[in-house]
Every structure is written in C-alpha cells, then in structure tokens.
Amino acid sequence: MGNKRKEREAASDDDAPPKSRTKNIDGGKPQLLPSMIKNKDKRSALYAKLKHEKKAEKRKQAKAREALESRALELGEELPPKKVPRTIENTREADETVCRPDDEELFAGNDADEFSSVLNQNRAPKVLMTTCRFNSTRGPALIKDLLTIIPNSEYYKRGTYDLKKIVDYANNKEYTSVIVVHTSRREPDALLIIGLPNGPTAHFKLSNLVLHKDLKGHGNPTSHKPELVLNNFTTRLGHRVGRLIQSLFPQDPEFRGRRVVTFHNQRDFIFFRHHRYVVESEEDSVDVNKDTGEWTKTLKGKITARLHECGPRFTLKLISLQHGTFDTKGGEYEWVHKPEMDTSRRRFFL
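Computed from a predicted structure; not experimentally measured.

Peer 1: I'm lost on the packing of aromatic side chains in this one. Help?
Peer 2: Given two aromatic rings, their pairing is described by the distance between the two centres and the angle made by the two planes. In total, this model carries 5 aromatic pairs according to the counting rule given. Seen in terms of ring centroids, Tyr 156 and Tyr 169 are 6.0 Å apart; in terms of plane orientation they differ by 75°. Their pairing is edge-to-face. Linking Tyr 156 in the loop between β4 (153-155) and α6 (163-172) with Tyr 169 in helix α6, this pair joins segments that are 13 residues apart in sequence. Taking the relative accessible area as the measure of exposure, Tyr 169 reaches 34% and is therefore partly exposed.

Put into structure tokens, the structure is as follows:
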C-alpha cells in the first residue's frame with residue numbers, strides 16, 4: 001500500500017513543472033533571492049552582496065544629482081526638484097473632513113461655538129484641576145507641573161465628591177474649564193478636559209509621562225504667560241480638539257518670558273512639550289536702571305538661540321469627545337474611538 005502511494009507521488013512530481021528559485025525583474029535577467037536559499041552561509045553572503053549593490057546604486061544616484069545641481073548653479077538654471085520621501089503622513093488616506101482655508105462654514109462656526117467667548121478675549125480662562133477619587137502621589141505631582149504651565153489655574157482635592165457636583169461648583173464659581181487627572185496603578189493614565197458651561201468633554205489616554213523633577217537638565221520656567229503652538233490639527237475633529245486646548249490658555253502671551261507650550265499632533269498622538277527660549281552671545285553686558293531697579297541685558301558678537309526643555313512631557317491620544325459636560329449615562333458623543341475604526345495605518349482622525 002505504501003509503495004503504490006510513493007509511486008503516485010513520484011508520477012505527479014514528474015508531471016509538475018519545476019519550481020523556480022529565481023525572480024524575474026521587469027522581464028529581464030532572473031535574480032536569485034536570499035529567501036530561496038536554504039544554506040545559511042550562502043544566504044547571508046547573497047544578502048550582503050545585494051545590500052552592497054543597493055548602497056552602491058544609491059551613491060551613484062546621489063553623485064549624479066550633485067553633478068546636476070552644480071551644473072545648474074554654474075549656468076544659473078533652476079535646481080532639479082528634490083525627491084520627497086514617502087511617509088505615512090504624506091500618504092494618508094483621503095479624508096473629506098480636512099479643513100480648507102476657504103471653508104466659510106468652518107469660520108462661521110468658530111464665532112458661535114463653546115470656546116468663542118474665551119478665544120475672542122471676552123472672558124478670561126480660569127481652570128480648576130482635580131484628581132480621581134483614589135489617586136497616588138504622581139497625580140498631584142502632574143497637576144503641580146500643570147499649574148506652572150496653565151495661568152490662572154487652581155487645584156482642589158477631590159475627596160469623595162462626584163464629578164457632576166464638581167462641575168456644578170466650577171460653573172457657579174465661573175471657571176471656564178475643568179481638568180481631571182485619572183490614576184491607575186499609581187500612574188496617571190488618562191486626562192479629562194471639560195469645557196464650561198456647555199462642554200464639550202474630551203477624554204484622553206495619557207502615556208509616556210516624565211515629570212519636571214525627573215527630566216534631566218531641565219530648565220525652570222518663569223511666571224509669564226506662555227506662547228501656545230498647535231501643530232497638525234487638520235480635520236474638523238482635530239480643529240475642535242485644538243480649540244478646546246487653546247481655550248485653556250490666555251490669548252495674550254507675554255513674549256518677554258520666552259516660554260512656549262507645544263501640542264504636536266502626529267498620527268493621532270498629541271505630544272506635549274514645554275520649552276523656554278535661551279538666547280546667548282559671545283559677550284554680554286548688563287545695564288541696571290537706578291530709578292526702577294530693572295536690568296537690561298545687551299547681546300554683542302555672534303548670537304545663538306536654542307530651546308531649553310522645562311517639562312513635563314507626555315503623550316495624549318483622544319478616546320472620546322462628548323457633547324456637553326461630563327455625563328456617562330445620558331451623554332451624547334460627537335466621536336468615540338473604536339478598534340474596528342483602525343482599518344489602516346494611514347487612516348487618521350485628527
């Protein structure tokens with residue numbers, strides 16, 4: 001029985017065409033790939049050879065480009081266009097909700113949304129900060145750092161109060177926003193930002209937290225109002241989240257303090273950084289006004305500017321955006337992130 005089975009398999013192998021261990025490139029000479037070789041030493045040698053050839057071809061193209069550029073400079077012609085590398089950001093899926101500079105509906109909505117009174121400077125931002133009921137020392141430590149970043153903000157201990165009662169109290173005291181730091185396993189893992197009096201409520205996942213005191217070589221910020229930078233909030237949802245973050249800060253930054261707070265959105269992850277400009281020169285001179293006691297620093301020679309990080313640093317990811325103030329039972333959600341929405345690495349929502 002076993003002999004007959006072997007004979008049938010041998011006959012079928014004879015009829016089948018032989019498997020090719022090569023790959024045709026553009027219909028030309030077939031190329032042997034490393035994955036087709038079973039011997040480890042030969043496979044490694046072939047891989048190293050192909051890698052070397054690829055690097056040599058890349059160097060050859062770079063030299064040819066340099067020759068074209070130098071020739072164009074000599075003749076006064078335009079330089080050849082630079083190649084744009086393919087990245088996940090510039091190959092993202094098309095999105096109908098991306099904001100356009102000529103979108104009149106968007107600008108009309110900005111004048112009537114929940115943040116217009118603060119962003120038009122009709123009302124000064126005032127922020128109340130608190131923690132979850134059961135928190136560790138890391139939660140208040142993060143709030144301590146945020147108090148130095150967000151002007152006109154105050155911290156209240158949570159105690160046993162419900163969040164709805166805290167929101168009502170903040171409304172009565174004319175606060176414009178409430179920030180709640182949630183802690184899990186002694187580590188802050190979520191941030192809740194509630195706009196007052198009419199919402200919305202944004203729930204963020206918080207990760208990669210480094211406090212001010214844990215940052216090596218950190219700078220010490222001043223009490224000046226910081227400059228706010230929001231990057232890459234391009235869609236309607238991103239525009240709304242950006243305005244919510246913008247409503248936490250005063251709209252008249254004091255540039256004398258050289259402080260800058262950055263929320264940089266990349267692939268729906270919002271990276272938070274806090275820096276201070278440092279301007280240096282080869283020779284400095286300090287002049288003191290005898291009447292006022294103020295001093296003025298004069299820079300001479302070569303002047304250089306750099307950024308000095310003050311901390312903290314962390315990463316946010318939007319989980320949900322809810323209409324109105326915090327309501328887990330009857331609240332209506334504008335947007336909720338679900339796992340089935342992640343159909344592609346090139347699909348972004350902010």
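Peer 1: Help me understand α6, please; the structure alone is not making it clear to me.
Peer 2: Turn by turn, an α-helix covers 3.6 residues, leaving residues three or four places apart pointing in a common direction. Taken together, the buried positions of α6 are Leu 163, Ile 166, Val 167 and Ala 170. For α6, the buried positions fall inside an angular range of 100° around the axis, keeping them on one side. In α6, those exposed residues whose orientation departs by more than 90 degrees from the buried face are Lys 165 and Asn 172. Residues of α6 that are buried sit in contact with β3 (127-131), β5 (177-184) and β6 (187-195). At the exit of α6 stands Glu 174, carrying a positive phi of roughly 65°.

Peer 1: Even after reading the chapter, I still don't get the nonpolar core, so can you show me in this structure?
Peer 2: What tends to happen in soluble globular proteins is that the nonpolar side chains get buried as a cluster. Phe 204 and Val 241 are the most contacted members of the largest nonpolar core, which totals 38 residues. Per element, the largest residue contribution to this core is 5 residues, and it comes from helix α5 (residues 138-149). If we skip the residues at most four places from it in the chain, Phe 204 touches Asp 189, Ala 190, Leu 191, Ile 193, Val 241, Ile 270, Leu 316, Lys 317, Leu 318 and Ile 319. Counting residues in each nonpolar core, the second largest holds 11 residues, with Leu 128, Ala 170, Tyr 175 and Ile 194 among its members.

Peer 1: What am I meant to see in the side chain of Asn 265 here?
Peer 2: Residue placement: Asn 265 occurs in strand β9 (residues 259-266). Here Asn 265 falls in the buried class, since its relative accessible area comes to 5%. For Asn 265, the side chain forms a polar contact with the main-chain nitrogen of Asp 268, separated by 3.4 Å. For Asn 265, the residues in contact, after removing those within four places along its chain, are Asn 231, Asn 232, Phe 233, Ile 270 and Leu 350.

Peer 1: Could you clarify how one ought to interpret a positive patch on the surface in this entry?
Peer 2: Residues Lys 51, Lys 55, Arg 59 and Lys 63 make up a contiguous surface patch of positive charge. Position of Lys 55 among the secondary structure elements: in helix α2 (residues 40-75). Judged by relative accessible area, Lys 55 falls into the partly exposed class, the value being 49%.

Peer 1: Which parts of the structure should I look at to understand the environment of Asp 162?
Peer 2: Looking at the secondary structure, you find Asp 162 in the loop between β4 and α6. Along the sequence, Asp 162 and Arg 133 sit 29 residues apart, while their C-alpha atoms lie 8.8 Å from each other.

Peer 1: Help me out: how do you make sense of the pairing of β6 in this one?
Peer 2: Counted residue by residue, β6 has 7 buried out of 9 residues, so it is predominantly covered. One ladder, built from 8 bridges, connects β5 with β6; its direction is antiparallel. Bridged to Val 180 within β6 is Leu 192. Counting the residues that bridge the hairpin from β5 to β6 gives 2 residues, and of these Arg 185 lies at a positive phi of roughly 55°.

Peer 1: What exactly am I supposed to notice about the pairing of strand β8 (residues 227-231) here?
Peer 2: A regular strand places its side chains on the two faces of the sheet in alternate fashion. Examined bridge by bridge, β8 and β9 share 5 bridges and lie parallel to one another. Within β9, the residue paired with Leu 230 across the bridge is Phe 263. Note on the crossover from β8 through helix α7 (residues 236-246) to β9: the handedness is left-handed.

Rules of the game
- Residues numbered from 1 in each chain as written.
- Predicted model: local features only at pLDDT ≥ 70, side-chain atom pairs only at ≥ 80, totals over all residues.
- Heavy atoms only, no water.
- Phe/Tyr/Trp six-rings, centres within 6.5 Å; stacked < 30°, edge-to-face > 60°.
- Helix = DSSP H or I, 4+ residues; strand = E, 2+ residues; numbered from the N terminus.
- Buried < 20%, exposed > 50% of the residue type's maximum accessible area, 1.4 Å probe, protein only.
- Arc of directions from axis to C-beta.
- Contact = heavy atoms within 4.5 Å.
- Core = buried A, V, L, I, M, F, W, Y, C linked by side-chain atoms within 4.5 Å.
- Polar contact = N/O pair within 3.5 Å; in protein donor to acceptor, adjacent residues only side chain to side chain.
- Patch = residues over 30% accessible without salt bridge, like charges linked within 9 Å, V, L, I, M, F, W, Y side chains within 5 Å.
- Areas by Shrake-Rupley, 256 points an atom, 1.4 Å probe, with all protein chains shown as cover.
- Salt bridge = Lys/Arg side-chain N within 4 Å of Asp/Glu carboxyl O.
- Lys, Arg positive; Asp, Glu negative; His and termini not counted.
- Charge placed at Lys NZ, Arg CZ, Asp CG, Glu CD.
- Pairing = 2+ DSSP bridges.
- Right-handed = clockwise from strand over helix to strand, strands pointing away.

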